[in-house]
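Overview (structure and organization)
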Amino acid sequence: MSEATQAEGLNPELKKHTFEAEVAQLLHLVTHSLYSNADIFVRELVSNASDACDKLRFEATNDDSLYEDDGELKIRIAVDEDAKTITFTDNGIGMNETDAIENLGTIAKSGTKAFLDKLSESQKQDGQLIGQFGVGFYSGFIVADTISVESRKAGEPADKGVRWVSDGTGSFTVEPITKDTRGTAITLHLKEEYSEGEDNYLDRSKIKRLVNKYSDHISLPIQMRKEIWQEDVVDDENDDTPTGGEMVLTDEWETINKASALWTRSSSEIDDDEYVDFYKNITYDMDAPLTWTHNRVEGRVQYTQLLYIPKKAPMDLYTREQQHGLKLYVKRVFIMDDAEQLLPMYLRFVKGVIDSADLPLNVSRELLQESRDVKSIRDGNARRILTLLASLANSEDSDKQEKFAQFYAEFGDVIKEGLGEDAGNKERIAKLLRYATSTQDGLETSFEDYKARMKEGQKAIYYLTADNLAAAKNSPQLELFKKKGIEVILMTSRVDEWAMNFLTSFDETPLQNIAKGAVDLGDLQDEAEKAEAEKAEETLKPVVDKLKTALGERAKDVKVSTRLVDSPACLVVGEGELSPQMIQMLQQMGQDVPASKPTLEVNPDHPLIKKLESSEQFDDLAQVIFDQALLADGGQLEDPAAYLKRVNELLMR
Ligand SMILES: Nc1ncnc2c1ncn2[C@@H]1O[C@H](COP(=O)(O)OP(=O)(O)OP(=O)(O)O)[C@@H](O)[C@H]1O
């Protein structure tokens, strides 16, 4: 702490102190780098005043007399245009001389000191960066050339008050004063440039706006003197033309914030209407939310989460520029909107508020990205939302089931992205997924339901991806499964194939895409069938070889199929390879995907394949069979005109 010296020629009790070296450095940075963020002083001083009230409330739990018959904690902001000052007054815990010297002359937090030391010269010019750590009280010096603090500590006599004054350069003075009221009044003597023109902080409406923007949810009343509209009084009896009135300041104080942070209240005291109103307030959604969850989370980081799931997906859910994330508060002080670090991408539709006392007040987006505390909040939020969804999905209550169905119709595809993004929650996400199947049309079969219906001896969950339900149901790949009465999950959304790359099993049962790799029905295939397949492979070998030559570069290979019943042929890609549709989709999205060729599988029992062997138009027929297999798979022909020409020629024979 600084050495006190007697200031010459002034109050004999006035003592001059020099700032701790780091404070002087910080003050220099604050005034030189933060001028473009000048507004923050309002937030910082209101937040300090609110903290001081919180501290008093806490101390008073053991000693009621600290309230000194003034238990109504509040913050007042007064503007004096003549003196060019703005004063923040609170009736919180207050400070005595020792406190003032200690708290306003040093930097208490070791982290801030370390941060300061690490900054390079150019970084010190960077307002964003400087704003990251708690500039707190010192932010007042961005706009003020002198700050005077008058304070008296709760429970101490009136003559133990203190006046602390500084111009924010190298030193400050303290002197004893008599102050009847408990608490602190901080007066900023505004610099010329902040008391006129665009940046005029003497403008009451500007201060009100800033309080509403940053501190609306401070749970104490923040008051300003009430202004009323005074009509111009017309004296001239002969002339009653209105000449316009003016705003007049009254002696009455009015509360300018809502003074209640919904999320800080216990959920048992909040009714549904309040939750819905608050949601509408923060989202501008006209509709009520589908559901919400409100919790105090204790653990490594303590925070309150109030998370909402909207009823409808926004138009821009899939555009990259979509604003998402939660509102972040630190100790009820608004920090930022759309804090995207607080939620994983696949939960970008969730709205709400996070309030943590463990994050620094001046936390920036960059800092959020690196913070372990933020990661732990993000993980907590993801788990909480997935649990909420699971409780809807598994509920016996038809209302909740209906809500889940509504949710799934709007956001089902987005949460599938989580399979790739959030490996830790893959199982939880997989449990929420619902599909149509070859035996059930509605989007309602879960992997769990499917497993419960699996045939005896079935070792895998079979699924098929296609562009739409009709294409999936008519897919040649499905024929053998239909014949054997094996249910297959039909996935028809664009993200399915991509998402399923990340999910290879569910609850220890492997998941198998029936259009990829060899069909392995395991115990569901009997010995006789296997023997027959081997025989067919042998007899058809000359045709298969000839097909390979005819198709050339188009097919990777040609094989005798065991999965076809009614169709002559189908296309198959290798295990782990991308389907032709997926390749096409990625290419449309501008991604550089290496082309990979499918294998043509032919049905040895189909008349068309049988006819091939002796056909004079072998080559044309081979191309047509390949093209049709591609069409049946939902693919697009490279040369539709050539295909039609071939088909027409064959028809005319
Ligand atoms: N209105 C006030 N009443 C009582 N004490 C105050 C008041 N304003 C500031 N102080 C004291 O001064 C200290 C320094 O304030 P400052 O805003 O610089 O840091 P902080 O509030 O501790 O940190 P941060 O602002 O980053 O949360 C506070 O910790 C508090 O002890």
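Looking at an unreviewed UniProt entry, the chain carries the name Chaperone protein HtpG, with the source organism given as Psychrobacter pocilloporae. According to the UniProt record, the Function (unreviewed entry) comment for the chain is "Molecular chaperone. Has ATPase activity." Turning to the chain, the UniProt annotation filed under Subunit (unreviewed entry) states: "Homodimer."

This paragraph deals with the overall build of the chain. Looking only at helices and strands, the chain has 22 helices and 23 strands in total. Residue burial in the chain is summarised as follows: out of 653 residues, 48% are buried. For the chain, restricting intrachain contacts to residue pairs at least 6 apart in sequence, the fraction spanning at least 24 positions comes to 70%. Counting only carbon and sulfur atoms, one obtains 47% of the accessible surface of the chain, whose full area is about 32800 Å².

Per the stated rule, a full pass over the model turns up 29 salt bridges. Of the charged contacts, one joins E44 and R43 as a salt bridge, the two residues approaching to 3.6 Å between their closest N and O atoms. The class of E44 is buried, set by a relative accessible area of 2%. Taking relative accessible area as the criterion, R43 reaches 7% and is therefore assigned buried.

Strands sit in the order β16-β18-β17-β20-β19 across an open sheet of five strands; the sheet is mixed. Looking at strand neighbours, the two that pair on one side only are β16 (436–437) and β19 (505–506), the edges of this open sheet. Sheet topology places strand β17 (residues 461–465) next to strand β18 (residues 489–491); three bridges connect them, and they run parallel. Within the sheet, the bridge partner assigned to T465 lies in β18 and is M491.

Turning our eyes to something else, we now look at the nonpolar core. Within the largest apolar cluster, 145 residues are counted, with the highest numbers of intra-cluster contacts made by F137, W164, L188, L328, F349, F407 and F447. The dominant element in this core, judged by the number of residues it contributes, is helix α2 (residues 40–60), at ten residues. Excluding its chain neighbours within four sequence positions, the residues that come into contact with F407 are L290, I309, F349, L389, G412 and I415. Core analysis: the second largest hydrophobic core is formed by 27 residues, F618, L637, Y643 and V647 among them.

Attention now goes to the sheet that holds strand β21 (residues 557–560). By definition, the strands of a sheet pair up through backbone hydrogen bonds, in either a parallel or an antiparallel sense. An order of β21-β23-β22 is seen for the three strands of this open sheet, with the pairing classed as mixed. Across the chains shown, the open sheet's two edge strands, defined by having one partner strand only, are β21 and β22 (569–572). Looking at each pair of strands side by side, their axes are set apart by 25° on average, direction ignored. Bridge count for β21 against strand β23 (residues 599–602) is four bridges, and the pairing is parallel. The residue bridging D557 from the neighbouring strand is T599, located in β23. Sheet strands touched by helix α21 (residues 618–632): β22 and β23. Its angle to β22, the strand with the most contacts, is close to 65°.

Along the polypeptide, E601 turns up in strand β23. At a separation of 2.7 Å, a polar atom in the side chain of E601 contacts the side chain of S561. A polar side-chain atom of E601 sits 3.0 Å from a polar atom in the side chain of R563.

Tracing the backbone through its elements, the reader meets K473 in helix α14 (residues 469–473). Between the C-alpha atoms of K473 and L490, which are 17 residues apart in sequence, the distance is 7.7 Å. The residues touching K473, leaving out its near neighbours within four places in the chain, are D441, L478, K482 and L490. Separated by 2.7 Å, the side chains of K473 and D441 make a polar contact.

We now examine the environment of E13. When you line up the elements, E13 lands in the loop between β1 (4–6) and β2 (15–18). Along the primary structure E13 and V174 are separated by 161 residues, whereas in three dimensions their C-alpha atoms are 8.3 Å apart.

Moving on, we get to the UniProt feature "coiled-coil region" (unreviewed entry) in the chain. Taking the UniProt record as the reference, the feature "coiled-coil region" (unreviewed entry) is found at residues 514–541. With 50% helix and 0% strand, the stretch residues 514–541 has end C-alpha atoms that lie 24 Å from each other.

Another aspect to go through is unusual backbone geometry. Most of the time, phi is negative for any residue but glycine, and the peptide bond is trans. In the Ramachandran plot, E68 falls in the positive-phi region, its phi being about 45° despite a non-glycine side chain. With respect to the helices and strands, the residue E68 is situated in the loop between α2 and β3 (75–80). Phi is positive for D69, which is not a glycine, with a value near 65°. With respect to the helices and strands, the residue D69 is situated in the loop between α2 and β3.

Turning next to the pairing of strand β14 (residues 333–339). Most of β14 is tucked away, with five of its seven residues classed as buried. Examined bridge by bridge, strand β13 (residues 326–330) and β14 share four bridges and lie antiparallel to one another. Residue pairing for β14: Y329 is matched across the bridge by F334. The antiparallel pairing of β13 with β14 creates a hairpin that spans two residues between the two strands, and K331 there sits at a positive phi of about 50°.

Under the defined criterion, the tally for this structure stands at 22 aromatic pairs. Centroid distance F137 to Y138: 5.7 Å. Interplanar angle 70°. Geometry classified as edge-to-face. Neither F137 nor Y138 differs from the other in exposure class; each is buried. Seen in terms of ring centroids, Y435 and F447 are 5.4 Å apart; in terms of plane orientation they differ by 50°. Their pairing is tilted. Pair noted here: Y435 is in the loop between α12 (426–432) and β16 and F447 is in helix α13 (residues 447–453), with a separation of twelve residues, a long-range link. Owing to a relative accessible area of 2%, Y435 belongs among the buried residues under this scheme. Aromatic ring contacts, followed pair by pair, group F19, F137, Y138, W164 and F172 into a single cluster.

Within the secondary structure, P542 sits in helix α18 (residues 541–551). Distance from P542 to E613, taken between C-alpha atoms, is 8.3 Å for residues 71 residues apart in sequence.

Over its 13 residues, helix α17 (residues 527–539) runs 19 Å from end to end, which matches the ideal 18 Å to within 8%, given 1.5 Å per residue. α17 sits mainly on the outside: one of its 13 residues count as buried.

Looking at the chain as a whole, the pLDDT averages 87, with 92% of positions reaching at least 70. Both scores are given for the predicted complex: the pTM is 0.66, the ipTM 0.97.

Criteria and cut-off values
Residues numbered from 1 in each chain as written. Predicted model: local features only at pLDDT ≥ 70, side-chain atom pairs only at ≥ 80, totals over all residues. Heavy atoms only, no water. UniProt positions renumbered as here; feature names shortened; annotations may be inferred. Helix = DSSP H or I, 4+ residues; strand = E, 2+ residues; numbered from the N terminus. Buried < 20%, exposed > 50% of the residue type's maximum accessible area, 1.4 Å probe, protein only. Contact = heavy atoms within 4.5 Å. Areas by Shrake-Rupley, 256 points an atom, 1.4 Å probe, with all protein chains shown as cover. Salt bridge = Lys/Arg side-chain N within 4 Å of Asp/Glu carboxyl O. Pairing = 2+ DSSP bridges. Core = buried A, V, L, I, M, F, W, Y, C linked by side-chain atoms within 4.5 Å. Axes fitted to C-alpha atoms, helices over the stretch in contact; angles between N-to-C directions. Polar contact = N/O pair within 3.5 Å; in protein donor to acceptor, adjacent residues only side chain to side chain. Phe/Tyr/Trp six-rings, centres within 6.5 Å; stacked < 30°, edge-to-face > 60°. Expected span 1.5 Å × (residues − 1). pLDDT = per-residue confidence, 0-100.

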